[in-house]
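Next come the chains, spelled out residue by residue.
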Amino acid sequence: MATRLQKMKWKLHTYKTKQLLIWGLKNGYIAPYDDALIERLRNIYEGGIPASIILLSDTMSNGHCYDRALLLSRAFLEEDDDVQLVYATIDSLRLNPQYTDSDNPLVADHCIVERIAKNGQHIIYDTSSGLIYDKNLYWLMENPKVRHINNKQAIRKFVKSDECYHPENLERDKYVSHLLLPMIELCYGRPTEMYSSLGIELLQREVEHFKKVIDYDAICQEIEEDKKRMGLKK
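Quick caveat: nothing in here was measured; it's all calculated off a predicted structure.

Rules of the game
- Here, residues in each chain are numbered from 1, in the same order as that chain's written sequence.
- Note on the predicted model: pLDDT of at least 70 is required for a residue's local features to be given, and 80 or more for side-chain atom pairs to be given and counted; whole-chain, interface and lining totals, by contrast, use all residues.
- As a convention, hydrogens and water are excluded, and side-chain values are obtained from all of the structure's heavy atoms.
- Any residue with an atom within 4 Å of a point lines the site, the site being either a cavity, points on a 1 Å grid over the protein atoms alone where a 1.4 Å probe fits but cannot get out, or a pocket, an open set with protein on both sides within 12 Å along at least 5 of 7 lines.
- Grid points are joined across faces, edges and corners, and a volume is the space filled by probe spheres set on the points.
- Helix and strand assignments come from DSSP, with helices taken as H or I runs of at least 4 residues and strands as E runs of at least 2, each series counted from the N terminus.
- Asp, Glu, Lys and Arg are counted as charged, while Ala, Val, Leu, Ile, Met, Phe, Trp, Tyr, Cys and Pro are counted as nonpolar; the rest, among them Gly, fall into the polar class.
- Grouping buried Ala, Val, Leu, Ile, Met, Phe, Trp, Tyr and Cys residues that are joined through side-chain atoms within 4.5 Å yields what is termed a nonpolar core.
- We call a residue buried when its accessible area falls under 20% of the maximum for its residue type, exposed when it is over 50%, and partly exposed in between, using a 1.4 Å probe and counting protein chains only.
- Between the first and last residue of a helix there are one fewer steps than residues, each counted as 1.5 Å, and that sum is the expected span.
- By arc we mean the arc of the directions from the helix axis to the C-beta atoms, nothing more.
- Between the N-to-C directions of two axes lies an angle of 0 to 180 degrees, each axis being a line fitted to C-alpha atoms and, for a helix, fitted only over the stretch in contact.
- Every angle not falling under 35 degrees, over 145, or within 65 to 115 is termed oblique; those three ranges are roughly parallel, roughly antiparallel and roughly perpendicular.
- Throughout, a crossing is termed right-handed when the near helix is turned clockwise from the far one, and left-handed when it is turned anticlockwise from it by less than a right angle.
- Residues count as neighbours in contact if any of their non-hydrogen atoms are within 4.5 Å of one another.

Student: Got a minute to help me understand the layout of surface pockets in this structure?
Tutor: In this approach, a probe sized like a water molecule rolls over the atoms, and the result shows the empty space that is left. Estimates place the volume of the largest pocket at around 860 Å³. If you trace the largest pocket, you find 37 residues lining it, with Asn-62, Ser-92, Asp-126, Ser-128 and Ser-129 closest to the centre. Secondary-structure elements contributing two or more residues to the lining of the largest pocket are α1 (4–27), α3 (51–56), α4 (58–61), α5 (65–73), α6 (91–94), β5 (109–116), β7 (131–134) and α7 (135–142). Looking at the lining of the largest pocket element by element, the count peaks at five residues for α1. Among the residues forming the lining of the largest pocket, the class breakdown is 16 nonpolar, 15 polar and six charged. In this structure, the second largest pocket is lined by twelve residues; those nearest its centre are Tyr-45, Glu-46, Arg-74, Asp-162 and Glu-168. Of all the secondary-structure elements, those providing two or more residues to the lining of the second largest pocket are β2 (45–46), α5 and α8 (152–165). With four residues, α8 is the single largest residue contributor to the lining of the second largest pocket.

Laid out in structure tokens, this is it:
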């Protein structure tokens with residue numbers, strides 16, 4: 001159980017990060033994912049679903065930072081900018097009373113994407129919050145204690161190895177959409193789903209775009225006919 005001091009530290013942290021978040025959004029040091037990034041992510045797939053959908057969905061991204069940070073980093077592997085995966089403990093996990101009694105040494109561990117632009121700017125992509133941060137501001141907000149970094153070469157090597165053992169096949173894997181897309185659509189408008197609410201609706205746009213790419217209605221019809229042939233549906 002969290003002590004009074006731990007609860008106070010957590011309260012101060014949440015107040016600080018909220019104020020810095022508001023300030024950062026107002027002054028351009030924090031931003032949502034932009035269209036240029038989203039368009040790149042349309043051509044990166046995991047399990048038959050585009051990264052543009054996965055990373056705009058809080059349900060599919062929040063709490064899965066290792067996998068999602070790796071997925072986002074792939075958008076920059078062929079760019080001139082440098083990119084790396086940073087593994088670190090952060091205050092939002094380290095100070096959270098929900099985890100302070102855990103025996104897991106990695107309970108406060110988090111993975112973020114750091115992109116070093118050609119102009120020298122360091123940019124942080126946090127797939128759990130779904131936001132882009134100026135590095136200095138992110139460090140002020142989260143006080144990361146870095147334990148490991150995977151550079152661009154290491155990321156590229158892992159991606160190639162994974163593609164060898166788990167090759168993506170859009171034509172084959174597109175049938176997964178029949179199961180996953182309705183689940184994503186059910187989450188539209190939830191308070192945590194900022195990319196599908198508040199008039200933004202970027203997630204809805206990407207889902208509809210993908211449906212057109214794979215001819216989703218035809219897939220659903222094909223699956224329904226298969227169920228009837230197998231006697232699973234009248």
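Student: Teacher, can you tell me more about the nonpolar core here?
Tutor: Generally speaking, soluble globular proteins have nonpolar side chains that are buried together. Judged by nonpolar contacts, the single largest core of 43 residues is most densely connected at Tyr-33, Leu-37, Ile-53, Leu-72, Leu-85, Tyr-125 and Leu-181. Grouped together as the second largest cluster of nonpolar side chains are eleven residues, Leu-20, Ile-112, Tyr-133 and Tyr-138 included.

Student: Explain helix α12 (residues 216–229) here, please?
Tutor: Note that an α-helix has 3.6 residues per turn; residues three or four places apart therefore point the same way. Helix length check: α12 (14 residues) gives 20 Å between terminal C-alpha atoms against 20 Å at 1.5 Å per residue, within 8%. Among the residues making up α12, those that are buried are Tyr-216, Ile-219, Cys-220, Ile-223 and Glu-224. Along α12, the residues classed as buried sweep out an arc of 135° about the axis, all on the same side. The exposed residues of α12 that point more than 90 degrees off its buried face are Asp-217 and Arg-229.

Student: Explanation requested: the packing of α1 against α7 in the structure shown.
Tutor: Packed helix pairs are specified by the crossing angle of their axes together with the interaxial distance, meaning the distance between the axes. Contact pair α1 / α7: the axes reach a minimum separation of 9 Å and the direction vectors enclose 160°. Viewed along their axes, α1 and α7 adopt a mutual orientation that is roughly antiparallel. Here α1 and α7 pass one another in a crossing that is left-handed. Mapping the contact onto sequence places His-13, Lys-16, Thr-17, Leu-20, Leu-21, Trp-23 and Gly-24 in α1 and Leu-137, Leu-140, Met-141 and Glu-142 in α7. Per-class residue counts for the contact of α1 with α7 are six nonpolar, three polar and two charged.

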